[in-house]
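Here's the letter readout for the chains.
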Amino acid sequence: MKKQRNNTNKLIFVFFLFLIVPVFLYAQNAPASPGPVTGGTGIDALVAAEEFRFGVNAFNRFAYNEAILAFERALSYRPGEPLILDWLGRAYYRSGFEETALRQWRAALEIYGRGTGMGMMLNSRIETVANRRILLPVVNDGVRYVESGRFPGRLGDIVLYRQPTSVLPNSDGSVWVVAFGSNELIRIDVNGVIRDRRRGPLHGFDRPYDIVRGLDGRLYVSELRGGRVSVLSPDGDWLFYIGSRGVGTGQLVGPQHLTIDEDGYLYVVDFGNRRISKFDPDGDFILSFAQRSSVFPGMLSPTGIAAVDGRIFAADSASRSIYTFDTNGAFLGRLAVQGLIAPESLRALSDGTLLLADNNRILQIDVNTAIVHELGRVGGGGAQTRVTSVDMDKNGSIIIANFAASEVTVMTRFDDMASGFFVQIRNVFSHRFPLVTVELTVEDRLRRPIVGLDNNNFLITENGVPVQNQELISAGFRHNGADISLLVERSEVTAAMGIDLTSAARDISTAIAGMDSANIVSVISASVQPIRENHTVSLENAVRGSAGSFTQRWRFDQGLRLAASDLLAAPPKRSVVYVGSGDLGELAFEMYSLSEMAAFLANNGIVFNAIIIGGGQISPAVMFLTTETGGQAMHLFRPRGIGELIRSVAEIPSGLYSFTFNSQLHTDFGRAWLPLEVEVQLMDRSGRDTTGYFAPLE
């Protein structure tokens, strides 16, 4: 009887399908090569196809739970169907269940076969996801960097720029290059195209040498022959000078390398006077140091300089040393680095280590242990190689100014060159068919977004044929907004912190008011069950909450899940900001594990930030979530306030790209599976992904 009822239900379901599209399912003008799910004429195949279509559409509207259920139902009718397994894995992956996703993908791989096109692409995805679940996204893991591209200063007989001395990466993947020989500042994009030229004030720069960025985005450019520092707007417009030529207080002779400390003060290597001068952000002289004294031998040939954690590190090429000072100029000692040849440029990396150009070697130095790791070498170290500046761009590549060769060199991790890009077609929107919108992300194997790409870096095809009117309509790295979901801890500890909660709300409101485009999407109370607070009338009241919501059995994981889900359809720069004591409680991960929550956030491009109230300790779980997603944690009552945490959301690097194109495929009245492929190319690196979609039912 049970089997008979099941067959009856199937017949009823198929009957309704044929009522909707009575003659179109197998029309002679259907696609010549239907997808595996849509092929076949049996009842099970028809039901599986309909469930699969429902799952794909649910996935593309961010309803991942619905998609998982639909794909599971489709598999029950077509067990072992690789396309369904692939999509089921995608849905689990976006839901944060990476291990389950990998199981589905491995099952699909065995069916596709490792030697097929789909098999090779799926195997690459499996390796990338599996490897980065155990690899730390750090630069000092022993991997060497190799040359991946060059931006020459000359193209045939055409001189593009001369003798670069410094590089400064930008958030959009481009880099400012100081061209000493041609007296200008140029901006080069990731493809090597010069996008901007700046020549300073009316009478121009006078041998510009180094460039750094202040906390407010302003640019500082030292002028070697001019004996001064030019201050520019973030876009490169000249504003004013700092200093003048001379040997007196606040004067400079041959200024070269620059750095900015965490409080925004400018340090200038005054090469001719053999000293370092410190100025405030507006150019007022503070002090000079590093001259000979009873405790310090003095600098003979000062070169690179960098500020790290309240210390100033300065290189001396003559003594082949790196000296350490505090921010008031007091000599702290010599960094015990052996074997230096000709130390030049110093840059502080985000992990607090130093990036040093030493002759033709690129070195990374741990400032606490003096351990040196050689990242790579430029050229052969002969007459055509003199590295005067080195930095790491937003894509994790090392950008090098080679003064002698008059070119900028790009170096990339060897394993990144071998593995290529991790490309994911995230969503396809076809409601305006034949106009189709596709969203995709481009990352490296360590989950770092690849920014700065343009339409020329992408090739979109349907069934292997390039689409018509492919147009890049938005790139996440260009987005200036910030979308935030606040997650407020409702524990017995925070119940007594109403004043702190109110202060946090006020500081958040103040920070948002000072931003160009920022939005509070939701305020979630993490109680026994997560609650969406009404924040549109009063953010303070929403954050402070009601007395009845505070409980010992508050649930962090469910609250975080809801807060993050509210951001799935938001623009690319988005963050869950947790406001709480820092102790997540005993029930924190009762339903969802810590790793699953970190994956859910990271796989959907959501950054986790934390504001700690009450002066408590920050738990390891909070630090893990911030580290895995690129966020940060800070206490509410810190001297510099929490405004920079809120503002940092607008600076999140994003590898999300959106395109439109006109499809030329036949839709079979909305039931045909329309295959879609994307290939990404940047210099010697590439990556691709393939998927498909359905047009609207007709």
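Since this is a predicted model, take the numbers as computed values, not measurements.

K.L.:
I tried to follow the overall build of the protein on my own but got confused; where do I start?
P.N.:
Looking only at helices and strands, the protein features 13 helices and 40 strands. Here the protein has a C-alpha radius of gyration of 29 Å; the compact-globule value for 698 residues is 26 Å, and the two agree. Projecting the C-alpha coordinates of the protein onto the three principal axes gives extents of approximately 100 × 70 × 45 Å. Counting only contacts in the protein whose residues sit at least 6 apart along the sequence, the fraction spanning at least 24 positions is 59%. Surface exposure of the protein reaches about 28700 Å², of which carbon and sulfur atoms provide 51%. Looking at charge distribution, the protein has the averaged site of its 65 positive side-chain charges lying 2 Å from that of its 73 negative ones.

K.L.:
Is there a simple way to explain the packing of helix α11 (residues 594-603) against helix α12 (residues 620-629) in this structure?
P.N.:
How two helices sit against one another is set out by the angle between their axes and by the gap between those axes. Interaxial distance between α11 and α12 falls to 9 Å at its minimum, and their mutual angle equals 30°. Taken together, the axes of α11 and α12 are roughly parallel relative to one another. Crossing geometry of α11 relative to α12 is assigned as right-handed. On α12, the residues touching L594, S595, M597, A598, L601 and A602 of α11 are A621, F624, L625, E628 and T629.

K.L.:
Explain the environment of I508 to me, please; I cannot follow it from the model alone.
P.N.:
Relative to the elements of secondary structure, I508 occurs in helix α8 (residues 498-513). The class for I508 is buried, based on a relative accessible area of 1%. Separated by 53 residues in the primary sequence, I508 and N455 have C-alpha atoms spaced 37 Å apart. Beyond its immediate sequence surroundings of up to four residues, I508 is in contact with L486, I520, L539, V579, I611, I642 and I646.

K.L.:
Just to check I follow, could you spell out the environment of R114 for this structure?
P.N.:
By the secondary structure assignment, R114 is in the loop between α5 (98-112) and α6 (117-132). For R114, a relative accessible area of 52% puts it in the exposed group. With sequence-adjacent residues up to four places away left out, R114 is seen in contact with L109, G119, M120 and N123. In terms of polar contacts, R114 uses its side chain to reach the side chain of N123, at 3.0 Å.

K.L.:
Sorry if this is basic, but what is going on with the sheet that holds strand β1 (residues 145-152) here?
P.N.:
Sheet strands pair by backbone hydrogen bonding; their relative direction is either parallel or antiparallel. Pairing in this open sheet of 4 strands is antiparallel, and the strands run β1-β26-β25-β24 from one edge to the other. The open sheet has two edge strands with one neighbour each: β1 and β24 (387-392). Averaged over all pairs of adjacent strands, the angle between their axes in this sheet comes to 25°, without regard to strand direction. Relative to strand β26 (residues 407-413), β1 is paired through 7 bridges, and the arrangement is antiparallel. Note on β26: the bridge partner recorded for F151 is V408.

K.L.:
Is there a simple way to think about the pairing of strand β12 (residues 255-260) in this case?
P.N.:
Successive residues of a regular strand alternate their side chains across the two faces of the sheet. Counted residue by residue, β12 has 6 buried out of 6 residues, so it is predominantly covered. Summarising the sheet, β12 and strand β13 (residues 266-270) pair through 4 bridges and their orientation is antiparallel. Opposite T259, over in β13, you have Y267 as the bridge partner. From the end of β12 to the start of β13, which pair antiparallel, there are 5 residues, and G264 there has a positive phi angle of about 90°.

K.L.:
Is there a simple way to explain the packing of aromatic side chains in this structure?
P.N.:
The way to describe two aromatic rings as a pair is by their centre distance and the angle between their planes. Considering all chains together, one arrives at 31 aromatic pairs under this definition. The ring centre of F180 lies 5.4 Å from the NZ or CZ of R207, which sits over that ring. Its guanidinium or amino end placed over the ring of Y592, R561 lies 4.7 Å from that ring's centre, counting from NZ or CZ.

K.L.:
Would you mind going over the side chain of T388 with me for this structure?
P.N.:
Relative to the helices and strands, T388 resides in strand β24. When near neighbours in sequence (up to four residues on either side) are disregarded, T388 contacts P164, T165, S166, Y209, H257, E344, S345, A401 and F403.

K.L.:
Could you clarify how one ought to interpret unusual backbone geometry in this entry?
P.N.:
Keep in mind that most residues, glycine aside, have a negative phi and that most peptide bonds are trans. Cis geometry marks the peptide bond from F433 to P434; its omega dihedral reads 15°. Among the structural elements, P434 can be located in the loop between β27 (422-432) and β28 (435-443). Even without being glycine, N359 reaches a positive phi, approximately 60°. Along the polypeptide, N359 turns up in the loop between β21 (354-358) and β22 (361-365). Unlike most non-glycine residues, M683 shows phi in positive territory, near 50°. Of note, M683 is situated in the loop between β39 (674-682) and β40 (685-693). A relative accessible area of 32% means that M683 is categorised as partly exposed.

K.L.:
Is there a simple way to think about the packing of helix α4 (residues 82-94) against α5 in this case?
P.N.:
Packing of α4 against α5 leaves a shortest axis separation of 8 Å and a crossing angle of 165°. As summarised for this structure, α4 and α5 are arranged roughly antiparallel, according to the angle between their axes. Note on packing geometry: the crossing formed by α4 with α5 is left-handed. For the pair α4 and α5, the contacting residues are P82, L83, L85, D86, L88, G89, R90, Y92 and Y93 in the first and E98, T100, A101, Q104, W105, A107, A108, I111 and Y112 in the second. Here the residues of the contact of α4 with α5 are counted per class, giving 12 nonpolar, 3 polar and 3 charged.

K.L.:
For this particular structure, what's the right way to read the nonpolar core?
P.N.:
Grouped burial of nonpolar side chains is what soluble globular proteins tend to show. If you look at the biggest cluster of nonpolar residues, it comprises 61 residues, and the most contacted ones within it are F52, F556, V576 and F608. Here this core gets 8 residues from one element, more than from any other, and that element is α4. Residues in contact with V576, not counting those within four places in the same chain, are S485, L487, L560, A563, A564, L567, L601, I606, V607, F608 and N609. Within the second largest apolar cluster, 31 residues are counted, among which are I508, V543, V607 and I646.

The rules behind each value
- Residues numbered from 1 in each chain as written.
- Predicted model: local features only at pLDDT ≥ 70, side-chain atom pairs only at ≥ 80, totals over all residues.
- Heavy atoms only, no water.
- Helix = DSSP H or I, 4+ residues; strand = E, 2+ residues; numbered from the N terminus.
- Rg over C-alpha atoms; globule rule 2.2 N^0.38 Å.
- Contact = heavy atoms within 4.5 Å.
- Areas by Shrake-Rupley, 256 points an atom, 1.4 Å probe, with all protein chains shown as cover.
- Lys, Arg positive; Asp, Glu negative; His and termini not counted.
- Charge placed at Lys NZ, Arg CZ, Asp CG, Glu CD.
- Axes fitted to C-alpha atoms, helices over the stretch in contact; angles between N-to-C directions.
- Parallel < 35°, antiparallel > 145°, perpendicular 65-115°, else oblique.
- Left-handed = near helix turned anticlockwise from the far one by under 90°.
- Buried < 20%, exposed > 50% of the residue type's maximum accessible area, 1.4 Å probe, protein only.
- Polar contact = N/O pair within 3.5 Å; in protein donor to acceptor, adjacent residues only side chain to side chain.
- Pairing = 2+ DSSP bridges.
- Phe/Tyr/Trp six-rings, centres within 6.5 Å; stacked < 30°, edge-to-face > 60°.
- Lys NZ or Arg CZ within 6 Å of the ring centre and 35° of its normal.
- Nonpolar A, V, L, I, M, F, W, Y, C, P; charged D, E, K, R; others polar.
- Core = buried A, V, L, I, M, F, W, Y, C linked by side-chain atoms within 4.5 Å.

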